[in-house]
Structures are given as C-alpha cells and as structure tokens.
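Observations on the three-dimensional arrangement
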Amino acid sequence: MNHFAQKYAEGFMSELIARNPGETEFHQAVKEVLESVAPYIAENPHLIDLKVLERIAEPERIVIFRVPWTDDCGCVHINRGFRVQCNSALGPYKGGIRFHASVNLSIMKFLAFEQTFKNSLTTLPMGGAKGGSDFNPRGKSDAEVMRFCQSFMTELYRHIGQDTDVPAGDIGVGGQEIGYLFGQYKRLRNEFTGTLTGKGQAWGGSLLRPEATGYGLCYFAEQMLGTRGKSFEGQTVLVSGSGNVAQYAAQKAMRLGAKVVTMSDSDGFIYDPDGLDEEKWAFIFELKNIRRGRIKEYATKYPSATYLPGERPWRIPCDIALPCATQNEIEKQDAENLVKGGCYCVAEGANMPSTPEAIDIIQGAGMLYSPGKASNAGGVATSGLEMTQNSIRQHWTAEEVDAQLRRIMSDIHTACVKYGTLEDGRVDYVKGANLAAFIKVAGAMLDQGIV
Ligand code: NDP
Ligand code: 2IT
C-alpha cells in the first residue's frame with residue numbers, strides 16, 4: 001500500500017472506531033475490506049470525495065426491538081431483536097437471521113457488512129442485511145421456539161417484504177424457525193409472498209437451499225484446489241461445526257472422495273480417523289436435526305472416534321480445513337497448528353471464522369485461503385434463486401438449481417482470480433473477493449447519487 005492509501009486507511013479506521021466504539025467484530029470486518037480496497041480508492045479519489053466506503057460502513061437502517069415471550073411454565077422473558085439493513089444499492093436487502101446468546105449489535109453489523117460484499121459477488125440482484133436475536137434456542141421446547149418466532153416477527157414484519165428485505169436462516173435458524181416466522185408474517189400481512197427464503201419445499205422453498213452453503217463451499221474449494229492441480233480425492237479434511245453448513249460441506253467433501261475426520265459443536269469435537277461415510281453422516285443428521293443432540297454422542301456410537309471436550313479440531317493433521325461453525329474460531333495458535341499439521345487449504349464456510357492474526361499465518365505459509373464472503377456465498381445465492389422461482393411462480397429441479405449454484409461459485413472464483421492475482425501468480429482470494437465486490441457496489445452507489 002502506498003503512503004496515500006495508508007494514510008486514507010488509517011484515517012478511515014480511526015473515525016470508524018470512534019463512531020462505533022466497542023464493536024470489535026464490526027471493526028474487524030471493515031478493516032479487512034479496507035486493507036484490500038484502500039489502494040484502489042486511493043487511485044480513484046472521487047470515491048474518497050463521495051465517501052463511498054464511509055457510506056457502506058454506515059448501515060442504511062438499523063432496527064432494534066423488544067421481543068417478549070412466555071415460556072412453557074408461564075414465565076415472561078425479554079430478548080432483543082435486530083435487523084441491520086446495510087446496503088440496497090444492488091437490490092432488496094437480503095441476509096440471514098441468527099438466534100444465539102452471543103448476538104449483539106457488533107455481530108449484527110459485521111454480518112450485514114460482510115453480506116453486502118458477499119451478495120455483490122453472487123452476480124444476483126441483492127443488497128445486504130442481517131438480523132437476529134440474543135435468544136438461545138438451546139434447551140427450548142418446540143412450542144417456546146414457535147412463540148419466540150411469532151413475537152420476533154410481530155415487530156420485524158413492518159420492515160421486510162419481497163421487494164424490501166428478504167431474511168433467511170443462519171445460526172440457530174433453520175427450516176423449522178423459517179416456517180414459524182413465515183407463518184406469522186403471512187398472518188400479519190394477509191399475503192403469501194416470497195419474503196423469506198429457506199422455506200419448506202411444499203410452500204415455495206427451493207430445492208437444494210438446505211444443501212447450498214455446504215455444497216457451494218466445496219464447489220468453490222474444488223476450484224481453488226484446481227489451481228494447484230489437486231482435488232478433494234484422497235484428501236483428509238477437517239470440518240468444524242455440525243449444523244447446516246458443516247453437515248452439507250462434510251457430505252459433499254465425502255462424496256468428492258475426501259476423508260472427513262472431524263465435526264464439532266461449541267462443547268468440543270469428534271475425531272474419527274476412519275472418516276465419515278454415508279451411514280455415519282445420516283447419524284449426525286438425525287442427531288443434530290431431529291434429536292437436537294450433542295456431537296459427543298457420535299463417539300459413543302462409533303468406537304473408531306474420540307471425543308475431545310473443550311477443544312477445536314485444528315490440531316489434527318489434514319490437507320484441507322473447512323471452518324463451518326462461527327466467527328473467530330481459528331485463532332493464531334490454531335493457524336499455527338494447521339501449518340504444522342500439513343494443511344494447505346482453508347476454505348471458509350462460516351462468516352469470518354479466522355482472526356486477522358490467523359489469516360496472516362495461513363497466507364504467510366502460502367496456503368490456499370478463501371474468505372467466507374466468497375466461499376460460503378452459495379447459500380445466499382440459492383436464496384436468490386428461490387426468490388426468482390417465487391417471482392415467476394415456478395419450481396426448478398434439483399439439477400437446474402445445482403447447475404446454477406456451480407456456475408455462480410465458479411464465477412465467484414473467476415472474479416477472485418481476476419482481482420486477486422498477485423505478481424508472483426498466486427491468488428489472494430481476500431483481496432480478489434473484496435475488490436470485485438466493492439467495485440460493483442460502489443459503481444451502483446455512484447449511479448444512484450448521494451442517498
Ligand atoms: P447452525 O446453527 O446450523 O450450526 C452452527 C454450528 O456451529 C453448530 O454446530 C454450533 O454448535 C456451532 N457453533 C455456533 N456458535 C458457536 C460458537 N460460539 N463456538 C463454537 N461453535 C459454535 O448454523 P449454520 O450452519 O447455518 O451456520 C454456521 C456458520 O455458517 C455461521 O458462521 C453462519 O453465519 C455461516 N453461514 C450460514 C449460511 C446458511 O445458509 N445457513 C450461509 C453462509 C454462512 P452448538 O450447537 O454447540 O451451538
Ligand atoms: O450468511 C449468509 O449468507 C446466510 N446466512 C444466508 C443468507 C440468505 O439470505 O440466504
């Protein structure tokens with residue numbers, strides 16, 4: 001970065017931190033983008049004069065609301081609901097809803113900011129948003145989850161719509177929660193529209209939306225591996241998480257010939273040196289999605305596996321790591337362990353799973369490394385395909401959706417290569433993804449004036 005770009009970036013960050021004190025995840029997400037795009041902005045000073053990145057980093061609208069609900073014993077609980085509508089330059093706001101005890105404004109803002117860039121990369125017309133609540137679904141009955149979703153939607157419905165803002169799932173929000181949210185939305189509006197994605201197949205959901213983030217991650221990783229003449233065939237893969245993204249990433253990696261040896265949850269991880277197979281995968285699917293159990297039960301069922309409580313998978317030797325749980329789950333020491341264990345590719349399924357220090361180590365070691373906004377974009381892209389199917393009132397086959405998903409992931413890879421190829425021929429996927437996404441959003445914002 002030249003001196004001018006450096007000065008711009010420093011001034012930008014100090015102002016952002018002063019305006020948004022204590023929002024560390026938000027600062028982290030913005031800083032990563034800033035470092036990629038500052039040289040481009042410095043070469044195009046009208047972007048400085050028109051404060052384009054400054055505007056992207058100031059959400060267009062933030063709604064924060066009370067979510068009161070009653071548990072099965074009749075006790076009243078209060079949670080906090082959020083919707084951060086970051087940017088609508090490219091289309092209606094679009095992004096998931098997260099229910100997790102850790103949810104706060106900083107996490108919502110980082111996710112909405114990331115989503116704006118991710119959605120730009122998908123090639124589809126979608127702006128960026130994120131929402132959620134600090135509601136902890138763990139241990140709640142189905143009836144409690146339903147009442148919570150209904151209360152949450154009773155405020156949210158005023159702020160969303162098929163041409164305004166289209167939420168979907170994220171951590172703690174899967175098909176069941178989308179069903180409850182949709183039911184309440186339809187009841188309040190008295191209209192059946194595609195205002196949420198990830199819907200059930202019988203009522204407007206797209207085939208392959210549940211699989212799309214994990215499958216898209218593997219399609220993207222395949223392209224990365226291809227740049228080094230490799231594929232998933234015969235590779236040892238670490239997956240973290242055991243939720244939606246982790247499950248389908250593991251399934252696709254396995255079907256592409258890899259040996260998936262770990263899965264995790266927030267209590268610990270299982271290590272199965274024999275690798276997953278279809279039967280073991282079906283056990284995990286049933287365990288997590290039907291029984292809502294913990295991953296440690298895998299080690300009781302399969303004696304080939306060990307359960308390591310309180311730990312993350314990253315010290316297990318591997319070729320490829322697919323972090324699919326949550327933000328900042330690969331820290332400096334974890335990255336050092338990956339290097340030591342022979343890992344040569346980290347493709348992110350989660351949003352911002354690697355800390356900046358970890359990314360420095362991963363990239364410094366010459367590994368292939370893709371940021372979540374590029375490699376996990378298949379989920380929201382397929383949400384975009386669900387919106388299209390809803391609009392034209394048609395339902396595409398799984399083959400049609402899969403072909404479009406593959407094309408989109410390949411197009412995102414091409415964009416990363418175009419904007420991220422370094423002088424020595426290596427691809428900096430962080431730079432490529434951020435720059436490609438920024439140029440498109442910035443162009444649309446310039447066209448639309450100072451709004
Ligand atoms: P799920 O709720 O289905 O699964 C989340 C998984 O991650 C669970 O195994 C959970 O364990 C674990 N996890 C969550 N929080 C933590 C934590 N603080 N520490 C350790 N483990 C944790 O969510 P998804 O699979 O949908 O989402 C996973 C990641 O992928 C998130 O970063 C999300 O933003 C991202 N993503 C999701 C998309 C989607 O379409 N769903 C699209 C693109 C990105 P536990 O059960 O113990 O909480
Ligand atoms: O982080 C994400 O991209 C998602 N949770 C999916 C969002 C969506 O609208 O499908």
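Residues numbered from 1 in each chain as written. Chains lettered and ligands numbered in written order. Predicted model: local features only at pLDDT ≥ 70, side-chain atom pairs only at ≥ 80, totals over all residues. Heavy atoms only, no water.

**A word on the site of ligand 2**
Every one of the 14 residues lining ligand 2 counts as a neighbour, but Lys94, Lys118, Asp170, Arg209 and Ser383 are closest to it. A distance of 3.0 Å separates an oxygen atom of ligand 2 from a polar side-chain atom of Gln115. Look at ligand 2: alone it shows 290 Å² of surface, and the protein chains cover 94% of it. Sorting the residues of the shell around ligand 2 by element identifies β3 (93-99), α5 (105-121) and α15 (378-391) as the ones contributing at least two each. (Near = heavy atom within 4 Å. Polar contact = N/O pair within 3.5 Å; in protein donor to acceptor, adjacent residues only side chain to side chain. Areas by Shrake-Rupley, 256 points an atom, 1.4 Å probe, with all protein chains shown as cover. Helix = DSSP H or I, 4+ residues; strand = E, 2+ residues; numbered from the N terminus.)

**Digging into the packing of helix α12 (residues 332-340) against helix α13 (residues 356-364)**
Between α12 and α13, the least distance of the axes is 8 Å, while the angle of their chain directions is 20°. By the criterion of interaxial angle, the relationship of α12 to α13 is roughly parallel. Viewed along their axes, α12 and α13 form a crossing whose handedness is right-handed. Contacts from Lys332, Ala335, Glu336 and Val339 of α12 reach α13 at Glu357, Ala358, Ile361 and Ile362. The class makeup of the residues in the contact of α12 with α13 is five nonpolar, no polar and three charged. (Axes fitted to C-alpha atoms, helices over the stretch in contact; angles between N-to-C directions. Parallel < 35°, antiparallel > 145°, perpendicular 65-115°, else oblique. Left-handed = near helix turned anticlockwise from the far one by under 90°. Contact = heavy atoms within 4.5 Å. Nonpolar A, V, L, I, M, F, W, Y, C, P; charged D, E, K, R; others polar.)

**Topic: the packing of helix α8 (residues 209-226) against helix α16 (residues 398-420)**
Relative orientation and spacing of two packed helices are given, respectively, by the angle between their axes and the distance between those axes. Two numbers describe how α8 lies on α16: the axes approach to 9 Å, and their chain directions differ by 45°. The orientation of α8 with respect to α16, classified from their angle, is oblique. The way α8 lies across α16 gives a crossing that is right-handed. Between α8 and α16, the residues in contact are Ala212, Tyr215, Gly216, Tyr219, Phe220, Glu222, Gln223 and Met224 and Asp402, Leu405, Arg406, Met409, Ser410, Ile412, His413 and Cys416, respectively.

**Some remarks on the side chain of Ser151**
With respect to the helices and strands, Ser151 occurs in helix α6 (residues 142-156). Discounting residues that sit within four places of it in the chain, Ser151 has contacts with Val67 and Pro68.

**A few points about the pairing of strand β6 (residues 236-239)**
Where β6 meets strand β7 (residues 259-265), three bridges bridge the pair, whose relative direction is parallel. Residue pairing in the sheet places Leu238 in a bridge with Thr262 of β7. Across three bridges, the pairing between β6 and strand β10 (residues 320-322) is parallel. Looking at the pairing, Val237 lines up with Ile320 of β10. (Pairing = 2+ DSSP bridges.)

**Here we look at the site of ligand 1**
Inspection of the region around ligand 1 gives 24 residues, with Asp170, Thr213, Ser266, Arg294 and Asn351 positioned closest. A distance of 2.9 Å separates an oxygen atom of ligand 1 from a polar side-chain atom of Arg98. Between ligand 1 and the protein, one listed contact pairs an oxygen atom with a side-chain N or O atom of Arg209 at 2.9 Å. For ligand 1, the protein covers 83% of the area, taking 890 Å² as the surface of the free molecule. Put simply, the parts of the chain that give the shell around ligand 1 at least two residues each are α8, α9 (244-255) and β7. Residue composition of the shell around ligand 1, by class: five nonpolar, 13 polar and six charged.

**Regarding a nonpolar patch on the surface**
A cluster of nonpolar residues, Leu50, Leu446 and Ile450, forms a patch on the protein surface that exposes about 250 Å² of accessible area. Summarising the element assignment, Leu446 is placed in helix α17 (residues 429-448). Residue Leu446 is classed as partly exposed on the basis of its relative accessible area of 31%. (Patch = residues over 30% accessible without salt bridge, like charges linked within 9 Å, V, L, I, M, F, W, Y side chains within 5 Å. Salt bridge = Lys/Arg side-chain N within 4 Å of Asp/Glu carboxyl O. Buried < 20%, exposed > 50% of the residue type's maximum accessible area, 1.4 Å probe, protein only.)

**Some details on unusual backbone geometry**
In this structure, Thr123 is a non-glycine residue whose phi angle is positive, near 75°. If you trace the backbone, Thr123 turns up in the loop between α5 and β4 (128-133). Given the relative accessible area of 40%, Thr123 is considered partly exposed. Phi at Leu208 is positive, roughly 75°, even though this residue is not glycine. Within the fold, Leu208 resides in the loop between α7 (175-189) and α8. Overall, the relative accessible area of 13% leaves Leu208 in the buried class.

**As for the pattern of salt bridges**
Under the criterion given, the structure shown has 28 salt bridges. Notably, a salt bridge pairs Arg138 with Asp267, separated by 3.0 Å at the nearest N-O pair. Here Asp267 lies in the loop between β7 and β8 (268-271) and Arg138 lies in the loop between β4 and α6, a separation of 129 residues in the sequence. A residue is classified by how much of its surface remains accessible, and Arg138, at 45% relative accessible area, is partly exposed. The exposure class assigned to Asp267 is partly exposed, which follows from its relative accessible area of 30%.

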